[in-house]
Protein chains: 4
Amino acid sequence: MKIGRETTPKTAISTSNADTIVVRGKDLCQDLIGQTSFTDYFLFLLTGQAADETRRRVLDATLVAIAEHGLVPSVQAARMTYAAAPDALQGAVAAGILGCGSVILGASETAGVLLDDIARQVDDGKSLDAAALETVKTLRAERKPIPGYGHPLHKARDPRVNALFSTAREAGADMRYVEIAEAVEKAIPQVIGKDLKLNVSAAIPAVLLGAGFPVKALKGVPILARTASLIAHMLEESEQPCGFALSYQATQNLDYTGAVPAGYKG
Amino acid sequence: MKIGRETTPKTAISTSNADTIVVRGKDLCQDLIGQTSFTDYFLFLLTGQAADETRRRVLDATLVAIAEHGLVPSVQAARMTYAAAPDALQGAVAAGILGCGSVILGASETAGVLLDDIARQVDDGKSLDAAALETVKTLRAERKPIPGYGHPLHKARDPRVNALFSTAREAGADMRYVEIAEAVEKAIPQVIGKDLKLNVSAAIPAVLLGAGFPVKALKGVPILARTASLIAHMLEESEQPCGFALSYQATQNLDYTGAVPAGYKG
Amino acid sequence: MKIGRETTPKTAISTSNADTIVVRGKDLCQDLIGQTSFTDYFLFLLTGQAADETRRRVLDATLVAIAEHGLVPSVQAARMTYAAAPDALQGAVAAGILGCGSVILGASETAGVLLDDIARQVDDGKSLDAAALETVKTLRAERKPIPGYGHPLHKARDPRVNALFSTAREAGADMRYVEIAEAVEKAIPQVIGKDLKLNVSAAIPAVLLGAGFPVKALKGVPILARTASLIAHMLEESEQPCGFALSYQATQNLDYTGAVPAGYKG
Amino acid sequence: MKIGRETTPKTAISTSNADTIVVRGKDLCQDLIGQTSFTDYFLFLLTGQAADETRRRVLDATLVAIAEHGLVPSVQAARMTYAAAPDALQGAVAAGILGCGSVILGASETAGVLLDDIARQVDDGKSLDAAALETVKTLRAERKPIPGYGHPLHKARDPRVNALFSTAREAGADMRYVEIAEAVEKAIPQVIGKDLKLNVSAAIPAVLLGAGFPVKALKGVPILARTASLIAHMLEESEQPCGFALSYQATQNLDYTGAVPAGYKG
């Protein structure tokens with residue numbers, strides 16, 4: 001069935017013949033395998049440009065920062081899935097990735113769009129503090145959350161934030177988006193009436209945008225990072241299972257609020 | 001509901017309090033962010049051990065080798081999914097990962113188990129050639145494929161194989177499993193009656209096992225690698241869509257073999 | 001980790017002890033198995049209310065209407081996934097379901113919200129034609145598509161539309177939302193300048209809302225229906241595979257628009 | 001890329017032109033919508049044959065029996081996924097379906113293969129009790145579980161079993177596979193030394209095979225049934241969320257068994 005106008009598929013990422021696999025214009029086997037790190041290659045796949053030292057260090061830092069934080073919901077979902085279907089590792093990893101949504105992990109992208117938007121307002125002549133304040137006010141008026149600020153556990157600044165900012169500074173990245181992120185953090189108590197400190201999901205775009213990472217690929221960073229962690233958890237699950245124990249614990253205090261038939265004892 | 005004996009979940013990967021995130025005994029923010037590459041961190045998450053230069057180079061090489069090979073079925077499935085559901089990048093990536101199964105991409109793990117099994121036979125005193133020959137004969141008798149040998153496009157040796165073997169040699173990895181893999185390649189024509197050359201799915205475990213990578217985590221390597229490539233394809237799909245064009249082309253020569261109602265014109 | 005305010009999970013759908021499984025206040029084994037159809041049970045799970053003849057007939061008709069339409073993109077994605085990972089039927093079905101998104105299949109829900117919104121405008125005293133016209137104008141001004149109108153193959157009215165409308169009429173459903181849907185169809189050429197006829201995705205909410213189906217569960221109808229079809233396709237794929245043939249055909253006219261290394265011949 | 005020998009995709013399920021959608025030889029809009037129940041249509045999609053009253057009642061009963069059993073692991077995984085990614089209902093349902101694996105829900109298929117195998121032994125002249133006993137002994141010797149027997153909650157016979165058996169009897173289904181299932185139940189204590197009573201996963205194939213349902217489609221029954229339940233849970237999750245409360249409770253007694261940095265207080 002013809003859906004949309006385009007009928008000829010096009011791609012600029014890769015082609016191949018029997019002897020050569022071409023990726024973004026390079027010969028995979030001659031130019032890339034053994035000569036580039038996986039992090040550099042991820043950037044190269046995304047942009048077609050070779051990474052420099054600054055980009056690589058910043059991207060590595062963000063991938064390391066967001067990969068693992070214990071038995072968070074997506075990891076629990078994946079471990080329960082693996083316990084039920086241990087023959088299909090790919091299914092358990094997929095279940096975990098499906099939890100990278102707008103509420104959890106997806107905030108890296110929405111926070112990035114926010115920072116980028118403030119940057120453009122400043123380019124147009126507004127002061128940074130005014131642009132930040134107005135942006136927070138608008139979100140508040142629309143009853144939307146401030147993506148990348150506040151954390152259920154880390155009430156002071158999420159400790160990953162400073163680690164990322166230091167890395168970016170040392171790596172020589174443009175610190176402009178970090179300054180924007182901090183201006184938003186400063187504006188929040190004036191509008192919301194309480195502190196919501198920077199968390200890792202705003203810090204990731206703050207450092208990546210300063211290293212030239214494309215805004216539209218930001219959501220891929222937590223997805224790729226979390227995949228590494230999910231694989232490690234599935235390896236542990238295969239050796240020391242806890243998927244069913246998690247689901248058992250989860251319902252120990254379950255409150256059934258529906259009706260029961262006459263004579264039923266819970 | 002209590003399923004299985006265990007009711008208390010256990011993990012050795014990560015714990016945290018409000019100030020510190022612990023991963024495998026290290027402080028994530030003090031010891032890891034900005035100081036370790038994503039590839040090293042993947043190994044560390046899996047094993048709790050720091051990577052050395054040999055391991056890192058070999059693991060990087062395998063991740064780069066298997067990430068991208070054009071519009072293979074899993075990438076097509078993901079691009080079609082993204083075209084239908086562009087709001088959920090995670091869903092499109094998950095659909096692509098679900099195609100890392102026993103037939104495609106999953107062969108890295110089954111090939112690794114095969115090489116490991118031959119290694120143990122050699123440890124028990126059998127000659128390498130005899131062990132390889134017998135293993136191929138057994139698979140043949142059971143009408144099973146030889147995982148990691150033969151490729152639909154690369155009829156001579158998959159070009160990624162030599163690139164991986166060279167990298168492993170230069171990085172100082174133990175070449176034992178490479179020798180085993182080549183012994184199997186040599187045995188195949190004697191049993192099958194035709195050449196099935198080493199492909200990337202046998203080369204990956206051959207070099208990784210020689211660098212101390214855990215057998216049980218082998219299937220994670222193509223899954224993690226492919227995730228990077230899927231994200232790049234979804235970025236391209238968002239800018240230059242081809243998911244629906246692929247599905248249109250796919251059915252241009254579709255043969256409908258069922259019945260039709262009276263008077264129906266196809 | 002505590003995310004959000006609520007720490008005690010609650011549900012009103014089901015509870016059980018060693019002898020009895022309670023669903024929505026009924027004893028599953030005494031009151032439901034053998035006494036209710038799957039379609040009725042789906043409604044009962046969603047709403048806690050028993051289906052009447054009208055609701056059942058309308059819901060059955062919509063599930064039958066949307067389940068199957070040949071090798072559409074989500075079915076292709078699922079068949080490619082099954083071909084690559086035949087051991088995990090659940091993964092292939094999941095891949096297919098992931099293609100029920102905002103562009104494909106998800107329109108049932110957005111169209112339902114649209115019809116519901118017009119109904120409320122009419123309740124507030126506006127004429128049906130004015131409310132329909134204004135709604136189409138607003139969508140047009142926001143450069144949004146009209147969900148549930150136009151079809152890549154069925155340029156005249158999608159044939160499923162009349163079949164659903166007749167069934168609803170015969171089953172005694174409230175035809176109010178059907179009239180709204182037709183008012184929108186009439187308004188479209190005045191605003192857009194060309195006919196975009198009703199398709200199945202607007203007809204489904206038009207008949208379901210008139211049978212008391214909850215708006216918020218509308219997206220579940222194509223998902224459940226498509227699952228039945230995906231299972232049938234996976235059974236066929238296991239007996240007469242075409243997943244890889246589809247991916248082969250899809251790239252026969254692929255246009256590689258990227259660079260190649262010196263000397264590369266495609 | 002050409003994978004496998006076949007390059008022309010074939011299907012016998014559906015074709016269409018601008019006016020007519022053909023499914024299994026029928027005109028969807030003339031012959032099926034409004035005239036067939038969803039359960040009948042599922043059978044028709046799978047087999048191309050119209051359901052009779054016996055088949056429909058038995059299939060309805062099994063779909064109703066297996067759809068819902070409270071906050072089981074797959075439902076928890078789906079609710080956590082929905083809480084994290086509420087914009088993508090299809091992703092949450094997919095995550096739940098991914099938990100229909102070899103350990104949970106998938107047993108319907110493996111139990112069906114078992115019953116079918118015993119039936120063939122009886123056809124070949126063995127007594128039912130001997131065939132059942134031998135089959136259990138073989139599984140025991142291979143240290144495999146007996147699929148469809150024993151249940152974590154329902155230690156006496158799973159109450160769904162008798163409900164399904166009564167329905168099959170009343171519907172006039174062939175009770176042969178029910179007798180086989182009961183022969184296995186009788187053999188188990190002689191081999192295992194303890195009672196493992198029939199559970200729903202053996203009862204489903206026992207009644208379905210007696211109603212002519214194809215063995216190879218058995219795994220689709222719990223997948224389709226569970227999809228209906230998952231949609232109901234996601235509707236509840238959207239109105240009264242508990243996904244994050246489940247993940248909070250799940251880790252209240254989590255035992256971290258790894259190392260911590262000097263000075264870390266948990």
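Fair warning: this is a prediction, and the values are worked out from it, not measured in the lab.

Student: Can you help me understand the interface of chain D and chain B in this one?
Tutor: Between chain D and chain B, the residue contacts involve 42 residues of the former and 42 residues of the latter. Across the interface of chain D and chain B, roughly 3,100 Å² is buried in total on both sides, 71% from carbon and sulfur atoms. The largest share of the area that chain D buries against chain B comes from D:Met1, D:Tyr256 and D:Tyr264, three residues that together contribute 20% of it. One can count 0 salt bridges joining chain D with chain B. Taken together, the links from chain D to chain B amount to 12 residue pairs in polar contact (both at pLDDT 80 or more). The set of elements that each furnish at least two residues to the side of chain D that touches chain B consists of β1 (10–11), β2 (14–16), β4 (26–27) and β5 (255–256) of chain D.

Student: What is the right way to read the domain arrangement of chain A from this model?
Tutor: A common way to report how large an interface is uses the accessible area buried once the components associate. All names here are of chain A. Structurally, chain A comprises domain 1 (20–51) and domain 2 (52–239). In this structure, domain 1 and domain 2 have C-alpha centres spaced 26 Å apart. Every contact between the two is made by 11 residues of domain 1 and, on the other side, 12 residues of domain 2. Taken over both partners, the interface formed by domain 1 and domain 2 buries close to 930 Å², and the fraction arising from carbon and sulfur atoms is 69%. Summed over the three residues of domain 1 that lose the most area to domain 2, namely Thr-39, Phe-42 and Leu-43, the buried surface amounts to 50% of that side. Inspection of the region where domain 1 meets domain 2 yields 1 salt bridge. Summed over the shared surface of domain 1 and domain 2, the number is 2 residue pairs in polar contact (both at pLDDT 80 or more).

Student: Would you mind going over unusual backbone geometry with me for this structure?
Tutor: Excluding glycine, a negative phi dihedral is what most residues carry, and trans is how most peptide bonds are arranged. Look at A:Arg143: it is not a glycine, yet its phi comes out positive at around 55 degrees. On the secondary structure map, A:Arg143 appears in the loop between α7 (128–141) and α8 (159–171). Its identity as a non-glycine residue notwithstanding, B:Leu105 has a phi of 70 degrees, on the positive side. Along the polypeptide, B:Leu105 turns up in the loop between α5 (89–97) and α6 (107–123). Residue classification places B:Leu105 among the buried positions, given a relative accessible area of 8%.

Student: Is there a simple way to explain the relation of the copies chain A and chain B in this structure?
Tutor: For the pair of chain copies, the relating transformation is a rotation about an axis with a translation along it. For the pair chain A and chain B, the superposition axis carries a translation of 0.0 Å, the fit reaches an RMSD of 0.0 Å, and the rotation angle comes to 180 degrees. Classification of the inter-copy transformation places it as that of a two-fold axis. Relative to the rotation axis, the closest C-alpha in chain A is found at A:Ala94, a distance of 2.3 Å. In this assembly the copies share their binding face: 99% of the residues contributing to the interface of chain A also contribute to that of chain B.

Student: Honestly, the relation of the copies chain D and chain B in this entry has me stumped. Any pointers?
Tutor: Here chain D sits on chain B after a turn of 180 degrees about the axis and a move of 0.0 Å along it, with an RMSD of 0.0 Å. Looking at chain D, 100% of its interface residues are interface residues in chain B too, so the copies touch through the same face.

Student: Could you clarify how one ought to interpret the packing of aromatic side chains in this entry?
Tutor: For any pair of aromatic rings, geometry is given as the distance between the ring centres together with the angle between the planes. Per the stated rule, a full pass over the model turns up 2 aromatic pairs over all chains. Between A:Phe38 and B:Phe38, the ring centres sit 6.3 Å apart and the planes meet at 15 degrees, which makes this aromatic pair stacked. Note that A:Phe38 is positioned in helix α2 (residues 38–47) and B:Phe38 in helix α2 (residues 38–47), a pairing that runs across two chains. Here C:Arg176 stacks its cationic end above the ring of C:Tyr177, 5.9 Å away from the centre of that ring.

Student: Explain the sheet that holds strand β2 (residues 14–16) of chain C to me, please; I cannot follow it from the model alone.
Tutor: Where strands meet in a sheet, backbone hydrogen bonds hold them as pairs that are either parallel or antiparallel. The sheet built from 3 strands is open, its strands ordered β2-β3-β4 (chain C) with antiparallel pairing. The open sheet is flanked by β2 and β4 (26–27) of chain C, the only strands paired with a single partner.

Student: Sorry if this is basic, but what is going on with the state of the cysteines here?
Tutor: Linking two cysteines covalently through their sulfur atoms gives a disulfide. Within this structure, the stated rule accounts for 0 disulfides over all chains. With no disulfide of its own, A:Cys29 lies closest to B:Cys100 among cysteine sulfurs, the gap being 19 Å. The class for A:Cys29 is buried, based on a relative accessible area of 12%. The closest cysteine sulfur to the non-disulfide-bonded D:Cys242 is located on D:Cys100, 19 Å from its own sulfur. A relative accessible area of 1% places D:Cys242 in the buried class.

The rules we used
Residues numbered from 1 in each chain as written. Chains lettered and ligands numbered in written order. Predicted model: local features only at pLDDT ≥ 70, side-chain atom pairs only at ≥ 80, totals over all residues. Heavy atoms only, no water. Contact = heavy atoms within 4.5 Å. Buried area = accessible area lost by both parts, 1.4 Å probe. Salt bridge = Lys/Arg side-chain N within 4 Å of Asp/Glu carboxyl O. Polar contact = N/O pair within 3.5 Å; in protein donor to acceptor, adjacent residues only side chain to side chain. Helix = DSSP H or I, 4+ residues; strand = E, 2+ residues; numbered from the N terminus. Domains from an automatic or database assignment. Buried < 20%, exposed > 50% of the residue type's maximum accessible area, 1.4 Å probe, protein only. Least-squares fit on C-alpha atoms with pLDDT ≥ 70 in both. Phe/Tyr/Trp six-rings, centres within 6.5 Å; stacked < 30°, edge-to-face > 60°. Lys NZ or Arg CZ within 6 Å of the ring centre and 35° of its normal. Pairing = 2+ DSSP bridges. Disulfide = S-S within 2.5 Å.

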